[in-house]
Amino acid sequence: MPWLTRLATVARRTGFPVVEVPGWKTRGHGPQPSVEGIVCHHTAGPAAGGDYPSLAVVRDGRPGLDGPLSHFGLGRSGTIYVIAAGRCWHNAPSTSKRHQNSTSIGIEAENNGKQPWPAVQVLAYQRLCAEICREFGIPAHRVMAHREVNIGKPDPHSIDMDGFRVQVARLLAGRAPALPTQEDPVAMLPMLRQGADNYHVKTVRGCLFARGGLPEASYGGPSGLKAWLERTSFDSALTKDVKAFQAAHNLDADGIVGPLTWAKLLRV
């Protein structure tokens, strides 16, 4: 098999943002001999530092292990980083012949090994695995956690891989909900988190108030409501309110307003 120069095209079929890391088409420990499975990892990188702070390590390696360490990176926002088109040192020794460095694609998702997984990141993870399976004719049951094909590995932590594979299989069968289209209002809305400052934050505030259950102390009572609704800053207090809303609607309470939270806020 030649270098996997279609990986960016495969990633874009997910509908999530894609970053092509410069040089990815010729990066690798030689060409990829075959693609028979997928290995899912977490980076064990820093708890903070942006969307994908582990990029340099995954691309360039670490002491004792040269990069690239994975074909794809997956940011906390669901952004997909295309890192290498050739063989990567992501799973050795492997307990499965279909999940060796020479026979599988690796995905390193940003997580320090303890953090809750943002719902948008998990959705992107599932969709990326489904599109890789589609591209290379891989059945969903060959999507494996690192811990399932390498003794003693913990990653990706806390993800139920049986349920994960069910979702991948549903995507392959076309039974899972499609990503929002341009006609869907959610498709036009950005991901928001603490530190954002724009008019979309006002939409979040208005939706939170309209849905009820927001403590009056959040907006300072009737006299403070108008000013609260007009604020464009996503501050720590709003993060707390968003987390409470997410928990009440069975979403991951990460305080980030992504597609799933927007859908609940807008009731679409």
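1. What about the packing of helix H6 (residues 199–210) against helix H9 (residues 236–248)?
Next, step 1: Contact geometry of H6 with H9 gives a least axis separation of 11 Å together with a crossing angle of 50°. Here H6 lies oblique to H9, going by the angle between them. Regarding H6 and H9, the two cross each other, and that crossing is left-handed. Across the interface between the two elements, Val-201, Val-204, Arg-205 and Leu-208 of H6 pack against Leu-238, Asp-241, Val-242 and Phe-245 of H9.
Next, step 2: By residue class, the composition of the contact of H6 with H9 is six nonpolar, no polar and two charged.

2. Looking at the sheet that holds strand S2 (residues 37–42)
Next, step 1: The six strands lie next to each other as S1-S6-S5-S7-S2-S8, forming an open sheet whose pairing is mixed. Either end of the sheet is taken by a strand with one partner, and the two such strands are strand S1 (18–20) and strand S8 (143–145). When the angles between neighbouring strand axes are averaged without regard to direction, this sheet yields 25°.
Next, step 2: In the sheet, S1 pairs with strand S6 (residues 80–82) via three bridges, with the strands oriented parallel. The residue of S6 that forms the bridge with Glu-20 is Val-82.
Next, step 3: Here helix H5 (residues 161–173) sits on the sheet in contact with S2 and S8, set at roughly 155° to S8.

3. Here we look at the packing of H6 against helix H10 (residues 259–266)
Next, step 1: Put simply, H6 and H10 touch, their axes get as near as 9 Å, and they point 50° apart. In terms of orientation, H6 lies oblique with respect to H10. In the packing of H6 onto H10, the handedness of the crossing is left-handed. When H6 is examined against H10, the residues His-200, Thr-203, Val-204, Cys-207 and Leu-208 are found in contact with a partner set consisting of Trp-262, Leu-265 and Leu-266.

4. Quick look at the pattern of salt bridges
Next, step 1: Summed over the entire model, instances satisfying the criterion amount to 12 salt bridges.
Next, step 2: The closest approach of N and O atoms between Arg-165 and Glu-148, which form a salt bridge, is 2.9 Å. Remark: Glu-148 occurs in helix H4 (residues 146–149) and Arg-165 occurs in helix H5; sequence separation between them is 17 residues.
Next, step 3: What makes Glu-148 partly exposed here is its relative accessible area of 31%.
Next, step 4: Arg-165 serves as the salt-bridge partner of Asp-162, at 3.0 Å between the closest nitrogen and oxygen. On the criterion of helical spacing, the pair formed by Asp-162 and Arg-165 is a turn pair, its members being three residues apart in helix H5.

5. Let's talk about the packing of aromatic side chains
Any pair of aromatic rings gets described here by the distance separating the centres and the angle formed by the planes.
Next, step 1: Counted according to the given criterion, the structure contains five aromatic pairs.
Next, step 2: Considering the side-chain rings of Tyr-52 and Tyr-81, the 4.9 Å spacing of their centres and the 20° angle between planes classify their relative orientation as stacked. Linking Tyr-52 in the loop between S2 and helix H2 (55–60) with Tyr-81 in strand S6, this pair joins segments that are 29 residues apart in sequence. One exposure class covers both Tyr-52 and Tyr-81, and it is buried.
Next, step 3: Geometrically, the ring pair formed by Phe-209 and Tyr-219 is edge-to-face, given 5.5 Å between the ring centres and 85° between the ring planes. You can see Phe-209 sitting in helix H6 and its partner Tyr-219 sitting in helix H7 (residues 216–219), a full 10 residues away along the chain.
Next, step 4: Phe-209 gets classed as partly exposed once you look at its relative accessible area, which sits at 33%.
Next, step 5: For Tyr-219, a relative accessible area of 12% puts it in the buried group.
Next, step 6: Three or more aromatic residues joined by ring pairs form one cluster here, namely Trp-117, Tyr-125 and Phe-164.
Next, step 7: Above the ring of Trp-228, the side-chain terminus of Arg-205 is found at 5.0 Å from the ring centroid.

6. Regarding the side chain of Asn-150
Next, step 1: As for its placement among the helices and strands, Asn-150 is situated in the loop between H4 and H5.
Next, step 2: Excluding anything up to four places from it in sequence, Asn-150 contacts Asn-91, Ala-92, Pro-93 and Thr-95.

7. With respect to helix H3 (residues 119–136)
Next, step 1: Here H3 is 18 residues long and its end C-alpha atoms lie 26 Å apart, about the 26 Å a rise of 1.5 Å per residue gives.
Next, step 2: A large share of H3 lies buried, amounting to 15 of its 18 residues.
Next, step 3: With its phi angle positive at about 65°, Gly-137 sits one or two positions after the end of H3.

Definitions and limits used
- Residues numbered from 1 in each chain as written.
- Predicted model: local features only at pLDDT ≥ 70, side-chain atom pairs only at ≥ 80, totals over all residues.
- Heavy atoms only, no water.
- Axes fitted to C-alpha atoms, helices over the stretch in contact; angles between N-to-C directions.
- Helix = DSSP H or I, 4+ residues; strand = E, 2+ residues; numbered from the N terminus.
- Parallel < 35°, antiparallel > 145°, perpendicular 65-115°, else oblique.
- Left-handed = near helix turned anticlockwise from the far one by under 90°.
- Contact = heavy atoms within 4.5 Å.
- Nonpolar A, V, L, I, M, F, W, Y, C, P; charged D, E, K, R; others polar.
- Pairing = 2+ DSSP bridges.
- Salt bridge = Lys/Arg side-chain N within 4 Å of Asp/Glu carboxyl O.
- Buried < 20%, exposed > 50% of the residue type's maximum accessible area, 1.4 Å probe, protein only.
- Phe/Tyr/Trp six-rings, centres within 6.5 Å; stacked < 30°, edge-to-face > 60°.
- Lys NZ or Arg CZ within 6 Å of the ring centre and 35° of its normal.
- Expected span 1.5 Å × (residues − 1).

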